[in-house]
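Descriptive analysis of the structure
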Amino acid sequence: MTQGTVFNKEEIKIVLFEGISQAAVEVFGQAGYTNVELLPKAVDRETLLAKLSGAHMIGIRSRTQLKQEILEHEAASRLMAVGCFCIGTNQVNLPVAATRGVPVFNAPHSNTRSVAELVIGHTIMMMRKVFPNSMAAHRKQWNKSAAGCYEVRGKTIGIIGYGHIGSQVSVLAEAMGMKVIYYDVLTKLPLGNATQVTSMQELLKTADVVSLHVPATPETKEMMGAEEIALMREGSYLINASRGNVVVVDALAEAIRSEKLLGAAVDVFPKEPASNTEAFESPLVGLESVILTPHIGGSTQEAQRNIGREVAGKLINYCTHGSTIGAVNFPGVNLTHSPNTIRLLHIHHNRPGVLQKINDVVGDHAINVLGQYLRTTEDIGFVVLDIDAAHGREKVSVIRDQLSEVPGTIRTRKLVSDEEGDHTILE
Ligand SMILES: NC(=O)c1ccc[n+]([C@@H]2O[C@H](COP(=O)([O-])OP(=O)(O)OC[C@H]3O[C@@H](n4cnc5c(N)ncnc54)[C@H](O)[C@@H]3O)[C@@H](O)[C@H]2O)c1
Ligand SMILES: O=C(O)CC[C@@H](O)C(=O)O
């Protein structure tokens with residue numbers, strides 16, 4: 001019999017890695033989740049496993065790699081949900097997390113303005129050679145010269161990936177008098193006077209500044225290599241604040257050395273140091289017309305605070321109510337507090353016949369089902385049963401045990417609510 005262990009909210013162990021904003025801790029605390037450990041940076045594998053041990057929910061940013069081996073490790077056996085306190089979720093093996101019954105949440109919007117602002121800053125700094133001149137001034141050299149320096153006004157920026165960030169870069173660039181063209185695999189509504197072009201080649205041949213804003217996918221891996229850079233205009237510029245492996249860095253370094261490109265600004269790298277104490281290595285190091293920033297596109301107080309609140313809220317909603325809205329690897333079910341209800345969550349492999357078996361189990365008991373929800377993705381099925389606590393309280397543990405034995409079951413959870421509030425029962 002798998003009766004499950006009762007955990008009140010203050011016993012739910014939450015570990016937040018990588019200097020996640022204190023705002024997240026506050027949001028957890030306001031919701032009654034007070035057992036939160038906040039670690040200032042990413043940790044090595046051994047520490048990660050030690051911290052994972054017994055943790056119900058964790059929060060990470062882009063440095064912590066949750067690979068298959070980690071997710072399937074005994075230390076992660078209690079792990080119920082993961083929050084990526086950022087946009088990117090490529091650091092998590094999402095299919096493995098899903099088949100472990102672990103939804104992964106992120107913050108798709110909260111840092112996008114910060115990235116767009118940095119890109120605009122990079123554009124001006126790059127085209128005015130601000131950093132080489134500033135570094136020279138720090139060495140007491142006075143390089144007053146207009147050579148190789150340009151206004152952005154009237155220049156064309158070509159945005160590859162016109163999503164949340166690309167479209168904001170578009171608006172800000174246009175406000176500075178730039179012409180905007182963009183390429184996206186989807187047809188996207190142009191903002192202002194921006195124009196969508198039909199091929200990446202056309203964009204590369206036309207733009208004075210190319211800015212990359214695509215997600216990390218197999219299609220975007222190394223999408224800017226030597227061939228693509230060769231198509232760019234002589235003396236143009238490249239910005240990458242998306243993901244490191246979108247650009248072939250050796251090809252970019254070569255284009256800078258040969259002065260095919262007058263400059264570049266790079267915020268993300270194929271290999272990034274795991275902590276601020278590890279040395280940063282890149283073929284771009286030492287090329288003074290390249291602005292190098294340490295993956296800080298989203299690193300502003302405003303963005304981190306908003307992300308902290310957003311992702312903590314999603315984790316709370318999942319833990320307290322079973323709501324998976326906003327999960328990137330899980331069927332989305334929007335659930336809120338339902339008084340005097342016992343809520344059973346059944347996460348299973350999406351294969352024919354599971355729902356029927358669940359209904360058979362429920363049908364064998366004289367209980368009042370107040371609500372039933374089903375959502376599936378290709379691989380995962382998620383069924384939620386709201387059972388009237390007035391009649392079902394004694395029977396629910398037996399029902400849960402029987403549901404746990406339905407072939408294809410990944411995980412079950414039981415959430416009990418009453419007028420005073422919710423508490424959580426986990427496997
Ligand atoms: N530097 C940072 O600190 C930082 C911060 C946040 C996000 N990011 C990264 O920025 C990137 C963009 O984020 P977003 O929030 O704008 O994403 P988004 O999903 O809103 O937009 C991405 C756009 O790219 C398009 N796209 C996908 N594949 C494409 C392809 N092969 N060719 C052309 N277009 C393609 C999509 O249709 C979409 O419109 C992501 O890689 C994200 O991880 C970086
Ligand atoms: O904060 C981070 O570590 C990642 C920032 C950014 O790349 C994101 O994916 O949101």
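Residues numbered from 1 in each chain as written. Chains lettered and ligands numbered in written order. Predicted model: local features only at pLDDT ≥ 70, side-chain atom pairs only at ≥ 80, totals over all residues.

**A few points about helix H1 (residues 22-30)**
- Of all the positions in H1, only Ala24, Val25, Val27 and Phe28 are classed as buried. Along the axis of H1, the buried positions cluster into a sector of 165°, meaning they face one direction only.
- In the core, the buried residues of H1 are packed alongside strand E2 (14-16), strand E3 (36-38), strand E4 (57-60) and helix H11 (301-321).
- Looking one or two places after H1, you find Gly32, whose phi comes out positive at around 95°. (Buried ≥ 20, exposed ≤ 12 C-beta atoms within 10 Å, placed from the backbone. Helix = DSSP H or I, 4+ residues; strand = E, 2+ residues; numbered from the N terminus. Arc of directions from axis to C-beta. Contact = placed C-beta atoms within 7 Å.)

**Focus: the UniProt feature "domain: ACT" (unreviewed entry) in the protein**
- Under the feature "domain: ACT" (unreviewed entry), the UniProt entry names residues 343-417.
- In residues 343-417, the share of helix is 31% and the share of strand is 44%. The end C-alpha atoms are 8 Å apart. (UniProt positions renumbered as here; feature names shortened; annotations may be inferred.)

**Concerning the site of ligand 2**
- Neighbouring residues of ligand 2: Arg61, Ser62, Cys86, Ile87, Gly88, Asn111 and Gly298.
- Residues belonging to the shell around ligand 2 are distributed by class as follows: two nonpolar, four polar and one charged. (Near = placed C-beta within 6 Å. Nonpolar A, V, L, I, M, F, W, Y, C, P; charged D, E, K, R; others polar.)

**A few points about the nonpolar core**
- In this structure, Ala24, Phe28, Ala81, Val82, Phe85, Val104 and Leu315 are the most contacted members of the largest nonpolar core, which totals 67 residues.
- Tallying contributions element by element places H11 first for this core, with eight residues.
- Those residues in contact with Leu315 that lie beyond four places of it in its chain are Met57, Ala81, Gly83 and Phe105.
- Within the second largest apolar cluster, 50 residues are counted, among which are Ala173, Val180, Ala207 and Leu261. (Core = buried A, V, L, I, M, F, W, Y, C linked by C-beta atoms within 7 Å.)

**Things to note about the sheet that holds E3**
- Spatially, E3-E2-E4-E5-E6 is the arrangement adopted by the five strands of the open sheet, whose pairing is parallel. If you trace the sheet from one side to the other, it starts and ends with E3 and strand E6 (104-105), each paired once.
- In this sheet, strand E5 (residues 81-84) lies alongside E4 in parallel orientation, the contact comprising four bridges. By the bridge assignment for E5, Gly59 is matched with Gly83.
- On top of the sheet, H1 reaches E2, E3 and E4; it is set at about 175° to E3, its chief contact. (Pairing = 2+ DSSP bridges. Axes fitted to C-alpha atoms, helices over the stretch in contact; angles between N-to-C directions.)

**A look at the sheet that holds strand E11 (residues 236-240)**
- In spatial order, the strands read E9-E8-E7-E10-E11-E12-E13; together these seven strands make up an open sheet with parallel pairing. Two strands close off the open sheet at either side, each with one partner strand: strand E9 (195-196) and strand E13 (290-292).
- In terms of strand pairing, strand E10 (residues 209-212) meets E11 through four bridges, oriented parallel. Bridged to Leu212 within E11 is Asn240.
- Set on the sheet, helix H5 (residues 112-127) makes contact with E10, E11, strand E12 (261-266) and E13; between it and E11 the angle comes to about 150°.

**Considerations on the site of ligand 1**
- With respect to spatial proximity, 32 residues lie near ligand 1, and among them Gly88, Gly161, Gly163, Ile165 and Gly297 are the closest.
- Mapped by element, the contributors of at least two residues to the shell around ligand 1 are H5 and helix H7 (164-175).
- In terms of residue count, H7 provides more of the shell around ligand 1 than any other element does, three residues in total.
- Considering only residue class, the shell around ligand 1 consists of 13 nonpolar, 14 polar and five charged.
- Counting contributing residues per domain, the shell around ligand 1 is built from domain 1 (1-111 + 300-330) and domain 2 (112-292), each supplying no fewer than three. (Domains from an automatic or database assignment.)

**Topic: unusual backbone geometry**
- Phi at Lys129 is positive, roughly 55°, even though this residue is not glycine.
- With respect to the secondary-structure elements, Lys129 resides in the loop between H5 and helix H6 (130-138).
- Phi angles above zero are rare outside glycine, and Glu259 is one such case at about 65°.

**Let's talk about the pairing of strand E16 (residues 380-388)**
- Across the nine residues of E16, eight count as buried, placing the element largely inside the fold.
- In terms of strand pairing, strand E14 (residues 341-349) meets E16 through nine bridges, oriented antiparallel. Bridge pairing links Leu345 to Val384 in E16.
- Sheet analysis places strand E15 (residues 369-376) next to E16, joined by seven bridges and oriented antiparallel. Following the sheet pairing, Arg375 is matched in E16 by Phe382.
- A loop of three residues connects E15 with E16, the two strands running antiparallel in sequence.

**Some details on the confidence of the model for the protein**
- The predicted model of the protein averages 94 in pLDDT, with 97% of residues at 70 or higher.
- Confidence estimates for the predicted assembly give a pTM of 0.91 and an ipTM of 0.99. (pLDDT = per-residue confidence, 0-100.)

**Quick look at the packing of helix H12 (residues 354-363) against helix H14 (residues 396-404)**
- Two numbers describe how H12 lies on H14: the axes approach to 10 Å, and their chain directions differ by 155°. Our classification of the angle between H12 and H14 gives roughly antiparallel. Considering how the two elements wind past one another, H12 and H14 form a crossing that is right-handed. Seen from H12, the contacting residues are Ile358, Val361 and Val362; seen from H14, they are Ile399, Gln402 and Leu403.
- Looking at the contact of H12 with H14, its residues break down into five nonpolar, one polar and no charged. (Parallel < 35°, antiparallel > 145°, perpendicular 65-115°, else oblique. Left-handed = near helix turned anticlockwise from the far one by under 90°.)

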